[in-house]
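Breakdown of the fold
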Amino acid sequence: MSMELENQVKKLEDQLKKLQSTQPKDQISIIVFSGDLDKVLASMIIATGARAMDTEVKMFFTFWGTTMLRDKNKSPKGKDFMSKMFGFMLPKGSTKLKLSKLNMGGMGTAMLKGLMKKKNVSSLEDLIKIAAEMGVEINICQMSMDLMGFKKEEMIDYPNIKYVGVGSYLSDAGESRVQLFI
Amino acid sequence: MTTEDLKNITANFIVDARGTACPGPLLAAKKAIGEIESGEIMEVLSADEGTKHDIPRWCEKMSHEFLGFVDTDSYTRLFLKKA
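Presented here is a report on the structure given in the accompanying data block.

The rules behind these values
Residues numbered from 1 in each chain as written. Chains lettered and ligands numbered in written order. Predicted model: local features only at pLDDT ≥ 70, side-chain atom pairs only at ≥ 80, totals over all residues. Core = buried A, V, L, I, M, F, W, Y, C linked by C-beta atoms within 7 Å. Buried ≥ 20, exposed ≤ 12 C-beta atoms within 10 Å, placed from the backbone. Helix = DSSP H or I, 4+ residues; strand = E, 2+ residues; numbered from the N terminus. Contact = placed C-beta atoms within 7 Å. Nonpolar A, V, L, I, M, F, W, Y, C, P; charged D, E, K, R; others polar. Pairing = 2+ DSSP bridges. Axes fitted to C-alpha atoms, helices over the stretch in contact; angles between N-to-C directions. Parallel < 35°, antiparallel > 145°, perpendicular 65-115°, else oblique. Left-handed = near helix turned anticlockwise from the far one by under 90°.

**Here we look at the nonpolar core**
- By size, the foremost hydrophobic cluster in this structure holds 47 residues, and its most contacted members are A:V40, A:M44, A:A47, A:M59, A:F61 and B:A29.
- Top contributing element to this core by residue count: helix α2 (residues 37-52) of chain A, with eight residues.
- Residues within four places of A:M59 in sequence aside, it is in contact with A:I30, A:V32, A:A47, A:V136, A:E137, A:I138 and A:N139.

**Observations concerning the interface of chain A and chain B**
- In this complex, chain A contributes eleven residues to the contact, which on the side of chain B involves 13 residues.
- In terms of residues, the side of chain A that touches chain B owes the most to one element, α2(A), which gives four residues.
- Residue classes in the side of chain A that touches chain B are distributed as five nonpolar, four polar and two charged.

**Section: the sheet that holds strand β5 (residues 176-181) of chain A**
Residue and element names in this part refer to chain A.
- Strands sit in the order β4-β3-β2-β1-β5 across an open sheet of five strands; the sheet is parallel. The two strands at the open ends of the sheet, each matched to only one other strand, are β4 (162-164) and β5. On average, adjacent strands in this sheet sit at an angle of 25° to one another, irrespective of strand direction.
- As defined by bridge partners, strand β1 (residues 25-32) adjoins β5 across five bridges and the pair is classed as parallel. Bridge pairing in β5 places I31 opposite F181.
- Where α2 meets the sheet, it contacts β1 and β2 (56-61), and its direction lies at approximately 165° from that of β1.

**Concerning the sheet that holds strand β3 (residues 65-71) of chain B**
All names here are of chain B.
- As summarised here, the arrangement of the four strands in space is β1-β2-β4-β3, forming an open sheet in which the pairing is mixed. Two strands lie at the open edges of the sheet, namely β1 (13-16) and β3, each paired on one side alone. Shown here is a sheet whose adjacent strand axes are inclined to one another by a mean of 20°, direction ignored.
- When strand β2 (residues 41-46) meets strand β4 (residues 76-81), the two strands line up antiparallel, connected through six bridges. Bridging from a neighbouring strand, M42 pairs with L80 of β4.
- Seen against the sheet, helix α2 (residues 24-33) touches β1 and β2 and runs at an angle of roughly 160° to β2.
- The strands touched by helix α3 (residues 49-62) are β2, β3 and β4; relative to β3, the strand with the most contacts, the crossing angle is about 165°.

**Describing the packing of α2(A) against α2(B)**
- Between α2(A) and α2(B), the least distance of the axes is 9 Å, while the angle of their chain directions is 30°. The pairing of α2(A) with α2(B) is recorded here as roughly parallel in orientation. α2(A) and α2(B) meet at a crossing whose hand is left-handed. Between α2(A) and α2(B), the contacting residues are A:T48, A:G49 and A:A52 on the first element and B:L26, B:L27, B:A29 and B:K30 on the second.
- Along the lines of polarity and charge, the residues of the contact of α2(A) with α2(B) split into four nonpolar, two polar and one charged.

**Focus: the pairing of β4(B)**
Residues and elements named next belong to chain B.
- Note that β3 and β4 share six bridges and pair antiparallel. Counterpart to F66 in the pairing with β4 is L80.
- Between β3 and β4, which pair antiparallel one after the other, the connecting turn spans four residues.

**What to know about the packing of α2(A) against helix α5 (residues 124-134) of chain A**
Residues and elements named next belong to chain A.
- Their axes nearest at 10 Å, the elements α2 and α5 cross at an angle of 30°. Between α2 and α5, the angle falls in the class roughly parallel. Judged by the sense of rotation from one axis to the other, the crossing of α2 with α5 is left-handed. Contact residues: L37, V40, L41, M44, I45, A47, T48 and R51 in α2; L124, L127, I128, I130, A131 and M134 in α5.
- When grouped by side-chain class, the residues that make up the contact of α2 with α5 number twelve nonpolar, one polar and one charged.

**So, α2(B)**
- Most of α2(B) sits out of view: eight of its ten residues are buried.
- Those residues of α2(B) lying buried are B:G24, B:P25, B:L26, B:L27, B:A28, B:A29, B:K30 and B:I33.
- Where the residues of α2(B) are buried, they touch α2 and α5 of chain A together with β1, β2 and α3 of chain B.

This is how it looks when you write it as C-alpha cells:
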C-alpha cells in the first residue's frame, strides 16, 4: 500500500515539476517600435510601474524607438553619408521626441511637457533614470542600429544595455506573462 | 476594519503620494515598504482616483494586507500591513 502511494506521489511530483517549468515568468516584455514621445512615455510608465510590483521588465527598442536612446551630447565620428543623413533627420534622444498627434509644429509637444511639469508627472528623462535604478532591462535591436547608421558610442549610458536580434526578443517574450508592442 | 478603527491607526510609515502622478505613488510605496518591518503598518496618502485603485491591487500582487481606506475632504488615506 505504502509503495503504491509513494509511486503516485512521485508521479505527481514529476508532473508538477513539468507544469511549473512551462509556466510564464512574472515578467513583462515590451517592444518599443515607436519613437513618438507619448508612446515612449507610456512604455516607460508601464515599465517602471511593473518594477514597482516586482515584475521583471525586458524592453526591446527597435526602429524609431532606438532614437529615444541617442545621447544628445554624443557625436561619434566615422559615419558614412547615409548614416549622417539619418542621424540628422531623426530625433537625437528623448528630449527631441514629438507627440504622435497634435504636435502642431512642436507647439503641442511643448504644451504637453509644460502640463506634465505642472501636474508633477515625471518627465521621460526622469523615468529613464528611475528605470535604470529599478533594473528595467533595455535591449536594442542591432539591425535597427545598422539600418539607421547609429553607433553604440552615441547611445545613452544605461546599465547593462545589450545589442540583440529578434531571437533574443522572442526568447524573452516567450517566457513573459505579458507582451506589449508599442 | 471599520472606518473608526482605521482612523485610529498610527502608521509606522506614511507615504505622501499626493503630489506625484502615475507611476509615482507605486514607486513611492515600493520604496517605502523597504523601510518598515514585516507586520508594520504603512499609510499612503493619495489625491487621485487611480492610486486609490492601484494600491489595493499592488498589495495583492506583493502579498501585503490591504486594511482599508478613509476619505477626507481632499484626499484618501490608504492603510496596509506589510507581509
